[in-house]
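An overview of the molecular structure
As a plain string of letters, each chain reads:
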Amino acid sequence: MKRLKWNGWGYEGEEFPQDRTKKIIEVLRSFLGISEDDFSPSVNLEQINLPDPKIDYQLLQRKLKVSSVSVEKYDRVLNSSGKSYKNLVRLRKGIIKKFPDAVVYVKDKNDIFEILSFCENEKIACVPRGGGTSVVGGVDTEEISSPVLVCDLTYLNKVVDVDTKSLTSRVQAGVRGPNLEEQLRNYGLALRHYPQSFYFSTLGGWIAARSAGHFSSRYGKIEDMIQSIEVITPRGIVKNFDVPSTACGPDIPRAFAGSEGILGIITEAVVKCHKIPTKKFSTAFVFPDFETACEAARRIIHSEIFPPLLRILDEREHMISSLLSGRPYEGGSLLLLGFESDDETENIVRIEFEKTSQICIKSGGKDEGKMRFEDWKKEYFEQPYLRDVLMDFCIVVDTLETATSWSNLINLYRKVKEAMEQAIFSETLGGVTCRVTHVYTTGASLYYSFFAKAQKGKEEELWWKIKKSASDAISSYGGTISHHHGVGRDHKIWAQKELKDSLVFLKGLKLSLDPKNIMNPGAVFDI
Ligand SMILES: Cc1cc2nc3c(=O)[nH]c(=O)nc-3n(C[C@H](O)[C@H](O)[C@H](O)COP(=O)(O)OP(=O)(O)OC[C@H]3O[C@@H](n4cnc5c(N)ncnc54)[C@H](O)[C@@H]3O)c2cc1C
C-alpha cells in the first residue's frame, strides 16, 4: 500500500519532475544566490525521538468494534501536523517535541461514540483528521497540552446512496477527491470540486475548512455544495432534514462548515451533484496589467455569466508560470477561462463563452488561445511537489489568501503585496506573486505566493515575518483572514479581530456540543 510522505507532499516515491527541478534550481541559484552550503535535506524518520504514548490505547482498542488504534512511529509523526510550510520545516528539522499519543483509524461511524466518550472520560483531546492537508495548523497536535488522540476518517470513504433524478448523493466524510469522483462516475455524476489538494484531501476536511475548488465561480465553495450533514458530537448526533431548502430554523449544515473539528466529527453529507460534462471550452487572454484584467473579470460576472474557471495571474505570477513551463513571457497579466457543458447545455454555454471572449477583447485583452489553459492545468497539480525541492535549499515558500469586494480589490492587492515585499526585501532576496482564484458578484479572492532565501536555521523566523506582515495588512485593509484555508491555529490572532461580535454565538455552540473542550482544542478560537 502507498504511504503518504510524513515530511512532504504526496506519496513516498513521488517527486517533482527531475529535469524541470534541475532547471529551476539553476535559475534560483543565480537569482537568489544559493550555494552548496544552503543544502538542508530532511532528517530521517529514525532520527526523530518520540515520547511513550500517554493514553491507554489498549483500553480504547477493546471498546471499538471495527476501528483500529495505532501507536506506530510513522503514524504518530505523520499525524502530528498538516502540510503548511511551518509544519514541513519543523518536521524536516526534527524539532517537533510533542506528538499525538495514538491514532485511531475509524472504520465504522458507530465507533465514534465510543471514541468521544473515552476522550471525555480520560481528558484526552480528539483531533479529527481527513487528508491532513491543512495549511493553517488545523490538525497540529504540538500545542495541545493534554494527551491527544487523532481520529483518521479516511476509511469512511463510501458513496452511500445516489439519487440520479434529484442529482444528490449521500457520501461518507473521509472520501478523498479521486475516489469520490470515481464512485460518482458510475452514476454519470460529478461534484466538480477541485482544490489543488484534491488528490489527498477529503469531503469532511473540505466542509470543516470551507474549501474552494478551481471551478468555484460556477459551482460555489463546498458549503454551497452540501444539502445536509451528519455530525457526531460529544453530546450526540446532529443531522438535518434532507430537502433542497427549508425555513425550519437556522441553516445547520452551514453552522458546521468551517467548524474545523472543534464541534464534532462530520461523518456524512448529502452533496449536490452535476451531470459529468462532455464538452469543455477554454481560453486565455493577456491584459496590459492586473487591474485591467480584474476589471474584465468584474464585467463578465456582472453580465450574469459565471464561467466555472476564472483565474487571473498578475504580471509576476504570469512571468514565473511562463518561465517554469518554458513559454516565452511577453508581459502583462493572464486571465484564464474555462467553461464546460453536457450535450443539453452546450448551445447555451457556447453563447456564454463567446460573450465572455467579446468582453475580454473589449476590455483590452489579447486572445492567447487554448494552449495556455491546458499548460496551466497540468502545472496546478504539480506545484505542491516543487515546494519540497525548494525547501532543500533553505528557500521559504508558501501561499496565503484573502477575499474582498470589487471596490477594494486593487487597493488590498497592492497593500498586501507591498507589506510582503517590505518584509522580504528588508533582509533577503525573493518575490511575491498573486492571482485571483475565485470570483463572485460582489468581489473576489486574492491568492498570494511568496518565496525568499533564508539563512540556514532561520527559515521559520523569516516565514513568520512575511506571513505576519501579510496578515496584518489583510486585516487592516478590509480583507478576510482566509477565503478558503480556514483559521486553524496560525490565523487565530487575526480571526479573533474579524470574528469579534460573532464569538459569543460560536462559543455558545462550542460549549453546548463540547462542554469539556475535547474537540480539537485551541483551533479557531480559545475558550
Ligand atoms: C498543496 C496544497 C494545496 C491546497 N489547495 C487548496 C485549494 O485549492 N482549495 C482549498 O480550499 N484548500 C486548499 N488547501 C488546503 C486544504 O487542502 C483544505 O483546507 C482541505 O479542505 C483540507 O481537507 P483535509 O481532508 O486534508 O482536512 P484536514 O487537513 O485533515 O483537516 C482540516 C480541518 O478540518 C478538520 N476535519 C477534517 N475532517 C473532519 C471531519 N470529518 N469532521 C470534522 N472535522 C474535520 C480538522 O480537524 C482540521 O481542523 C491546500 C493545501 C495544500 C497543502
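What you see is a predicted model, and the numbers here were worked out from it, not measured in a lab.

Remark on secondary structure: sheet strands pair via backbone hydrogen bonds, oriented parallel or antiparallel. Spatial strand order, β1-β2-β4-β3: 4 strands in an open sheet with mixed pairing. Whereas interior strands pair on both sides, the edge strands pair on one side only; in this sheet they are β1 (68–70) and β3 (125–129). Here the average twist between neighbouring strands, direction ignored, is 25°. Pairing of β3 with strand β4 (residues 148–152), which is carried by 5 bridges, proceeds in the parallel orientation. Its bridge partner lying in β4, C126 is registered against L149. Docked against the sheet, helix α5 (residues 111–122) engages β2 (102–105), β3 and β4, running at close to 170° with respect to β4.

As a further point, take the site of the ligand. Taken together, 36 residues form the shell around the ligand, and within it P128, T133, Q196, S197 and T202 come nearest. In this structure, an oxygen atom belonging to the ligand sits 2.8 Å away from a main-chain N or O atom of G131. One nitrogen or oxygen atom from the side chain of T133 is found 2.6 Å from an oxygen atom belonging to the ligand. Calculation on the ligand without its partners gives an accessible area of 960 Å², and the protein chains cover 97% of this total. Where the shell around the ligand is concerned, the elements lending two or more residues are β3, α7 (203–209), β10 (265–272) and α14 (371–391).

The next point concerns the sheet that holds strand β9 (residues 236–239). Taken in spatial order, the 5 strands of this open sheet run β5-β6-β10-β8-β9, and their pairing is antiparallel. One side of each edge strand has no neighbouring strand; the edge strands of this open sheet are β5 (159–163) and β9. Averaged over all pairs of adjacent strands, the angle between their axes in this sheet comes to 10°, without regard to strand direction. Note that strand β8 (residues 226–233) and β10 share 6 bridges and pair antiparallel. Opposite V231, over in β10, you have I266 as the bridge partner. Across the sheet, α5 is in contact with β8, β9 and β10; its angle to β8 comes to roughly 45°.

Moving on: the packing of aromatic side chains. For any pair of aromatic rings, the description consists of the separation of the ring centres together with the inter-plane angle of the planes. Tallied over the full model, the rule gives 17 aromatic pairs. Ring geometry for F39 and F393: centres 5.6 Å apart, planes at 55°, overall tilted. Of the two residues, F39 sits in the loop between α1 (18–33) and α2 (57–63) while F393 sits in the loop between α14 and β16 (395–405), which places them 354 residues apart along the sequence. On the basis of relative accessibility, which here comes to 13%, the residue F393 falls in the buried class. On the basis of an interplanar angle of 85° and a centroid distance of 5.6 Å, the ring pair of Y194 and F215 is categorised as edge-to-face. With a gap of 21 residues between them, Y194 in the loop between β7 (189–190) and α7 and F215 in the loop between α7 and α8 (216–219) connect regions that are remote in the sequence. Judged on exposure class, the residue Y194 and its partner F215 are both buried. Members of the aromatic cluster, joined through ring pairs, are Y194, F198, Y199, F215, Y380 and F381. The side chain of R3 reaches across the aromatic face of Y74, ending 3.9 Å from its centre. For the cation-ring pair, K107 lies above Y155, with the distance from its terminal atom to the ring centre recorded as 4.9 Å.

Conventions we followed
- Residues numbered from 1 in each chain as written.
- Predicted model: local features only at pLDDT ≥ 70, side-chain atom pairs only at ≥ 80, totals over all residues.
- Heavy atoms only, no water.
- Pairing = 2+ DSSP bridges.
- Helix = DSSP H or I, 4+ residues; strand = E, 2+ residues; numbered from the N terminus.
- Axes fitted to C-alpha atoms, helices over the stretch in contact; angles between N-to-C directions.
- Contact = heavy atoms within 4.5 Å.
- Near = heavy atom within 4 Å.
- Polar contact = N/O pair within 3.5 Å; in protein donor to acceptor, adjacent residues only side chain to side chain.
- Areas by Shrake-Rupley, 256 points an atom, 1.4 Å probe, with all protein chains shown as cover.
- Phe/Tyr/Trp six-rings, centres within 6.5 Å; stacked < 30°, edge-to-face > 60°.
- Buried < 20%, exposed > 50% of the residue type's maximum accessible area, 1.4 Å probe, protein only.
- Lys NZ or Arg CZ within 6 Å of the ring centre and 35° of its normal.

All quantities given are derived from atomic positions and should not be read as evidence of function.
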